[in-house]
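A look at the structure
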Amino acid sequence: MTLRVSRGVLAVVIIVALLGVGIYAGLYYLLKRAEPLVMPEQCSVTTPLGGLDLDIEQARIASIIAGVAARRRLPERAVQIAYVTAIQESKIFNLPYGDRDSVGVFQQRPSQGWGTKKQLLDTVYATRKFFAALEKVKGYRKMPLDKAAQAVQRSADGSAYAGHQRDAEILSAAFTGRVPRAVHCVYPQSATPVPARVDAARRLLVRVLGEAGVRSDQVGERSTGSGLRIDAPNSRRGWLIATFAVAHAQQYGLSHVRYDGVVWRADQGDDGWRTDSAATSRRIEVAVAGPPARVPAASTRASSAAGRRRSRAAARS
């Protein structure tokens, strides 16, 4: 039997088909337009050895480990040993749990004399304890990374550390500051920004590097934002501090980090480090709370509060 299809039915079928195509095309267009708005929350590490993507918490912890090692004047080899340990034990996260009573980034155990649970969940404290133990390992600088890590950790399977050597070498090159511009972070800008806490950021940096390692001035005005200028005694230390600041920018509401001819901006994090003629190699500028402030040419150091007020008055005149 031959089915006859009326012209009316055929017209309806065609219209429905065209509507379906139109709806599909419209949805596809809207989704493509929305793609740039879906911003990842991560830090990217790029070095001549290769690259890695890190969770922002991992980047913060990696920067603390490198900073504590710098304060103790330890070689980069020690940082690599700490990284292979942290990757294996916790994937570089500050875990509040673990095997038996193990906690923290290195999964140290209170029952084995490493410290209290509260202390070991403090990454700065845990890292200090790790390096203090590593320094007691005779010849650790010449040992394979996994052997040195096992000498500290006394794990059930010390061979597992060896698989993380390449990642540890990439991280150490970046976070120790040996490779400039190696780390940048990206995260969505909240409609309600994180309260800027430049003093808290400086306090953590001082805990990590020591007061002598963080010589800084507070700069900026209320209308343009405020921040810190931190002395960079050399390029490697300068990039260690700049990288530390980028890794902690989300936590402390930092708007930009400027150093050595380039700048990283939180609201353009995916662009990485970009050329900036105002960036000096002598100091790292870390800004918070508002648009980036132009740092006054004159030093804000003064011998007294009155001296600082006179300097600001002279700058305005």
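In case you missed it, the structure is sitting above this.
None of the values given here were measured: they were computed from a predicted structure. (Residues numbered from 1 in each chain as written. Predicted model: local features only at pLDDT ≥ 70, side-chain atom pairs only at ≥ 80, totals over all residues. Heavy atoms only, no water.)

Tallied over the full model, the rule gives four aromatic pairs. Measuring from ring centre to ring centre gives 5.2 Å for Trp 239 and Tyr 259, while their planes differ by 70 degrees; the resulting arrangement is edge-to-face. Linking Trp 239 in helix α9 (residues 235-247) with Tyr 259 in strand β6 (residues 254-259), this pair joins segments that are 20 residues apart in sequence. A residue is classified by how much of its surface remains accessible, and Tyr 259, at 1% relative accessible area, is buried. Residues Trp 239 and Trp 273 carry aromatic rings whose centres are separated by 4.9 Å and whose planes lie at 80 degrees to one another, so their mutual orientation is edge-to-face. (Phe/Tyr/Trp six-rings, centres within 6.5 Å; stacked < 30°, edge-to-face > 60°. Helix = DSSP H or I, 4+ residues; strand = E, 2+ residues; numbered from the N terminus. Buried < 20%, exposed > 50% of the residue type's maximum accessible area, 1.4 Å probe, protein only.)

Before going further, it helps to examine the pattern of salt bridges. Counted by the stated rule, this structure contains 16 salt bridges. A salt bridge links Arg 202 to Glu 211, with the shortest nitrogen-to-oxygen separation between them at 2.8 Å. Accessibility expressed as a relative area gives 22% for Arg 202, which makes it partly exposed. Here the salt bridges share partners, and the residues they tie into one network are Arg 215, Asp 217, Arg 229, Asp 231 and Arg 283. (Salt bridge = Lys/Arg side-chain N within 4 Å of Asp/Glu carboxyl O.)

Taken as a whole and judged by the stated rule, the model has one disulfide. One disulfide in the model links Cys 43 with Cys 185; its S-S distance is 2.0 Å. Handedness of the Cys 43-Cys 185 disulfide follows from its S-S torsion of about 100 degrees: it is right-handed. Of this pair, Cys 43 sits in strand β1 (residues 42-47) while Cys 185 sits in strand β3 (residues 183-186), and the two are 142 residues apart along the sequence. For the pair formed by Cys 43 and Cys 185, the shared burial category is buried. (Disulfide = S-S within 2.5 Å.)

For the rest of this paragraph, the subject is the side chain of Thr 243. With respect to the element layout, Thr 243 can be found in helix α9. In contact with Thr 243, other than residues within four places in its own chain, are Ala 174, Phe 175 and Val 183. (Contact = heavy atoms within 4.5 Å.)

Here we take up the sheet that holds strand β2 (residues 50-54). The strand order β2-β1-β3 describes an open sheet built from three strands, whose pairing is antiparallel. If you trace the sheet from one side to the other, it starts and ends with β2 and β3, each paired once. This sheet shows a mean twist of 15 degrees between the axes of neighbouring strands, independent of strand direction. Where β1 meets β2, five bridges bridge the pair, whose relative direction is antiparallel. By the bridge assignment for β2, Ser 44 is matched with Asp 53. (Pairing = 2+ DSSP bridges. Axes fitted to C-alpha atoms, helices over the stretch in contact; angles between N-to-C directions.)

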